[in-house]
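Tertiary structure, described
Each chain, written out:
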Amino acid sequence: MINMKKCLSVLVLLMGSLTLSACGDDAAKPQSDSVQAPQQTFKWKLVTAWPKNFPGLGRAPETFAKNVERMSNGRLQIKVYGAGEIVPGFEVFDAVSQGTAEMGHAAAYYWKGKVPAAQLFTAIPFGMNATEMNGWFHYGGGMELWREVYKPFGIIPFAGGNTGVQLAGWFKKEINSIDDLKGLKMRIPGLGGEVLAKLGGVPVALTGGELFTSLQSGAIDATEWVGPYNDLAFGLYKAADYYYYTGWHEPGPALEFTVNEKAFNSLPDDLQAIIEIATRAVNQDMLDEYTAKNNEAMQSLLKKHNVDMRPFPDSVVAELKKASLAVMQEQAAADPMFAKVYKSYAEFQKGVTEYHRISEWEYYKNR
Ligand code: CA
């Protein structure tokens, strides 16, 4: 402990800056809990899985970095990099784990090959919507499980936004029955991809920036991405004729901020709090942005670009649902951590659905 009386007696206010002298060894070190020392500035890198400044997904980390710099009065400066600028989009997790970058912004289901349970923190087919996911993360035990799952990698996760219910995606041919999915090469990540594989399709992993050329060249037959706001930005309507809904595979996909644990622990308490609060703010802000922009973009797709938007036939949705439940059971049987997280998720979804049936759903029907 620093000797407060002695130390205060030698505090000299010199040219507007607080200078410490003759306080013994302790006084030379930054003291967060006693006398104010010159404050350290941190410069961090944040790598993302998105094209730089891409609407919604790419804007969120930029907003986050600006807010952090402002709230910390410049003591924590975070530079945001698009996919491929430092590391490719699919290497964000490793870069944060190894400390190549202090932070990342991506989607947890991209890491399914490394951590199967990670998929549950993005989206489950026929699972929870954005509001429900946020409830589970922050008041239903989801975040504690997420931290447990990432702990072995030296990463601390934070919820990093949500797009709301997505759409099923862009298809070069009509989907009239479940047989039309057989042999279909489709970009679809996470558990949705596992379901497609179960039904005879071929899921392909691609980051956003690769979608348009892959679809246009015919390297893939279909792709899901997000919804009108983002799909319009990529021009996907130029590469496929049919835009299907419902977003069975991603009903409320959550994005993630990841922070290297050592880097986080090196921050003083106030900067840690700023990161926590700034991620939480962006988590909500992204959903607000999609809520405001999706309809606008849909009108443009329909009226300006004459896109053929249509629902999957009921029989196709029913088969997707059946296959989804089977995939969830298989994945839980194969991985104990997946089973543990899925149990928490499924219990929360069951409870929240019962209430939302008489609140949200009843209201949607009636308004
Ligand atoms: Ca998606």
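Residues numbered from 1 in each chain as written. Predicted model: local features only at pLDDT ≥ 70, side-chain atom pairs only at ≥ 80, totals over all residues. Heavy atoms only, no water.

1. Considering the coordination of the calcium ion
Under the convention used in this document: Each metal site lists N, O and S donors within 2.8 Å (3.2 Å for Na, K and Ca). With water left out of the atoms, a site can look as if it is missing ligands. A run of DSSP states H or I qualifies as a helix once it reaches four residues; a run of E qualifies as a strand once it reaches two. Both are numbered from the N-terminal end. Only protein chains enter the area calculation, which uses a 1.4 Å probe; residues under 20% of their type maximum are buried, those over 50% are exposed, and those in between are partly exposed.
Every protein donor of the calcium ion is accounted for by Gln166 (OE1), Glu224 (OE), Glu224 (OE), Trp225 (O), Glu250 (OE) and Glu250 (OE), and the metal-donor separations fall at 2.2 to 3.2 Å. Considered as a linear motif, the donors of the calcium ion on their single chain read Q-x57-E-W-x24-E. With Glu224 in the loop between β10 (222-223) and α9 (228-233) and Glu250 in the loop between β11 (242-245) and β12 (254-260), this residue pair connects regions lying 26 residues apart in the sequence. For the residue pair Glu224 and Glu250, the accessibility class agrees, reading buried in each case.

2. Overview of the sheet that holds strand β3 (residues 42-48)
Applied cut-off: We treat two strands as partners when DSSP finds at least two bridges between them. All axes are obtained by fitting lines to C-alpha atoms, using only the stretch in contact for helices, and the reported angles, taken between N-to-C directions, cover 0 to 180 degrees. Pairs of residues are marked as contacts when any of their non-hydrogen atoms sit within 4.5 Å.
Pairing is mixed across the open sheet formed by five strands, whose spatial order is β4-β3-β5-β12-β6. Edge strands, defined here as strands with exactly one partner in the open sheet, are β4 (76-81) and β6 (155-162). Each strand of the sheet is rotated relative to its neighbour by a mean of 25 degrees, with strand direction disregarded. Bridge count for strand β5 (residues 103-106) against β12 is four bridges, and the pairing is antiparallel. Each bridged residue has a counterpart across the sheet, and for Gly104 the counterpart in β12 is Thr258. On top of the sheet, helix α3 (residues 59-71) reaches β3, β4, β5 and β12; it is set at about 165 degrees to β4, its chief contact. Running over the sheet, helix α11 (residues 269-304) touches β3, β4, β5, β6 and β12 and is turned about 30 degrees from β6.

3. A look at the sheet that holds strand β9 (residues 202-204)
Sheet architecture is open: six strands sit in the order β9-β8-β10-β7-β11-β13, paired in mixed fashion. Whereas interior strands pair on both sides, the edge strands pair on one side only; in this sheet they are β9 and β13 (308-311).

4. A look at the pairing of β3
Test applied: Whether a crossover is right-handed depends on one test, that the path from the first strand over the helix to the second runs clockwise when the strands point away from the viewer.
The element β3 is extensively covered by neighbouring structure, given that five of its seven residues are classed as buried. In this sheet, β4 lies alongside β3 in parallel orientation, the contact comprising six bridges. By the bridge assignment for β4, Val47 is matched with Tyr81. In this view, the connection linking β3 to its parallel neighbour β4 by way of α3 has right-handed handedness. Where β3 and β5 come together, three bridges link them in parallel fashion. Paired with Leu46 across the two strands is Met103, which belongs to β5.

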